[in-house]
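Residue-level listing of the chains:
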Amino acid sequence: EAGVTQFPSHSVIEKGQTVTLRCDPISGHDNLYWYRRVMGKEIKFLLHFVKESKQDESGMPNNRFLAERTGGTYSTLKVQPAELEDSGVYFCASSQDLGTGEPYEQYFGPGTRLTVT
Amino acid sequence: GNSVTQMEGPVTLSEEAFLTINCTYTATGYPSLFWYVQYPGEGLQLLLKATKADDKGSNKGFEATYRKETTSFHLEKGSVQVSDSAVYFCALSKERGGSNYKLTFGKGTLLTVNP
């Protein structure tokens, strides 16, 4: 079974440009999470999807960030326009939800390293 | 809000040495606690977890015990190997219920094990 994949693995863009990151979760996983690690800091939660619905966007830094999950499969995270402080590693994770209320394991992708110059 | 504090590295050990990475947390109720590991060039992998007080999570020789009284979840291994070199993250999620188990992470601890 394929794991969580992310594309691209690395992106270098100039301030003011737009970048779109993609995450393909494990097939059948309804829950999809985005996280970000800025250099030297903790990995921070950005948002959570259940299927195509955004359940929690409390971690999104500002309205320059837009996440979508059309059809409840893959997800995209667009940054427009990018700023220097957006540099970091963006992780995607997915998990099952069997309705038992248990926190099922989140499977992480390898991350996308974004560098804004 | 929730927070996780873990000892900052880097930690450098010789093979077969004993490892402890301290982790304490702040959260309401009874969160679930996790240790994730990130090997070079790879994504985070769940190493072990504990979902209630006094539970011990274990995997690959690593152990951690959920201590509610000290709000801690320290990671230990009796004899480390070179292949254990990685970044280790302590994390928590809310207690059971609902579907949003977003993780709150510590800053990560880089472990290097020398032969």
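Our subject is the structure listed above.
Residues numbered from 1 in each chain as written. Chains lettered and ligands numbered in written order. Predicted model: local features only at pLDDT ≥ 70, side-chain atom pairs only at ≥ 80, totals over all residues. Heavy atoms only, no water.

> Just checking my understanding: could you explain the environment of B:G61 for this structure?
All names here are of chain B. Here G61 shows up in the loop between β7 (56-59) and β8 (62-65). Residue class for G61 comes out partly exposed when judged on its relative accessible area of 49%. A sequence separation of 39 residues divides G61 from N22, and the C-alpha atoms of the two residues are 17 Å apart. Setting aside residues no more than four positions away along its own chain, G61 makes contact with E76, K77 and G78. (Helix = DSSP H or I, 4+ residues; strand = E, 2+ residues; numbered from the N terminus. Buried < 20%, exposed > 50% of the residue type's maximum accessible area, 1.4 Å probe, protein only. Contact = heavy atoms within 4.5 Å.)

> Quick question: what am I supposed to make of the pairing of strand β10 (residues 86-93) of chain B here?
Successive residues of a regular strand alternate their side chains across the two faces of the sheet. Residues and elements named next belong to chain B. The element β10 is largely enclosed, with a buried count of 8 among its 8 residues. Here β10 shows a buried face lined by A86, Y88, C90 and L92 and a second buried face lined by V87, F89, A91 and S93. In this structure, strand β5 (residues 32-38) lies alongside β10, joined through 7 bridges in antiparallel fashion. Pairing of Y36 across the sheet is with F89, part of β10. (Pairing = 2+ DSSP bridges.)

> Can you help me understand the interface of chain B and chain A in this one?
By a widely used convention, the size of an interface equals the accessible area lost when the partners come together. Contact residues are listed per partner, giving 22 residues for chain B and 24 residues for chain A. Approximately 2,000 Å² of surface area, both sides summed, lies buried where chain B meets chain A, with 52% of it carried by carbon and sulfur atoms. Linking chain B to chain A there are 1 salt bridge. A total of 4 residues in the side of chain B that touches chain A trace back to one element, the largest contributor, which is β5(B). (Buried area = accessible area lost by both parts, 1.4 Å probe. Salt bridge = Lys/Arg side-chain N within 4 Å of Asp/Glu carboxyl O.)

> I would appreciate a short explanation of the packing of aromatic side chains in the present structure.
Two aromatic rings, taken as a pair, are described by how far apart their centres are and by the angle between their planes. Tallied over the full model, the rule gives 12 aromatic pairs over all chains. Plain terms: the ring middles of A:F91 and A:F108 are 6.4 Å apart, the flat faces sit at 75 degrees to each other, and that makes the pair edge-to-face. With A:F91 in strand β9 (residues 88-95) and A:F108 in strand β10 (residues 107-108), this pair connects stretches of sequence that are 17 residues apart. For A:F91, a relative accessible area of 3% puts it in the buried group. Residues B:F62 and B:Y88 carry aromatic rings whose centres are separated by 5.6 Å and whose planes lie at 40 degrees to one another, so their mutual orientation is tilted. (Phe/Tyr/Trp six-rings, centres within 6.5 Å; stacked < 30°, edge-to-face > 60°.)

> How should I be thinking about the sheet that holds β8(B) in this particular structure?
By way of backbone hydrogen bonds, the strands of a sheet pair with one another, either parallel or antiparallel. Residue and element names in this part refer to chain B. The antiparallel open sheet is built from 4 strands, whose spatial order is β3-β9-β8-β7. Every other strand in the sheet has two partners, leaving β3 (19-21) and β7 as the edge strands with one partner each. In this sheet, adjacent strand axes meet at a mean angle of 15 degrees when their direction is disregarded. (Axes fitted to C-alpha atoms, helices over the stretch in contact; angles between N-to-C directions.)

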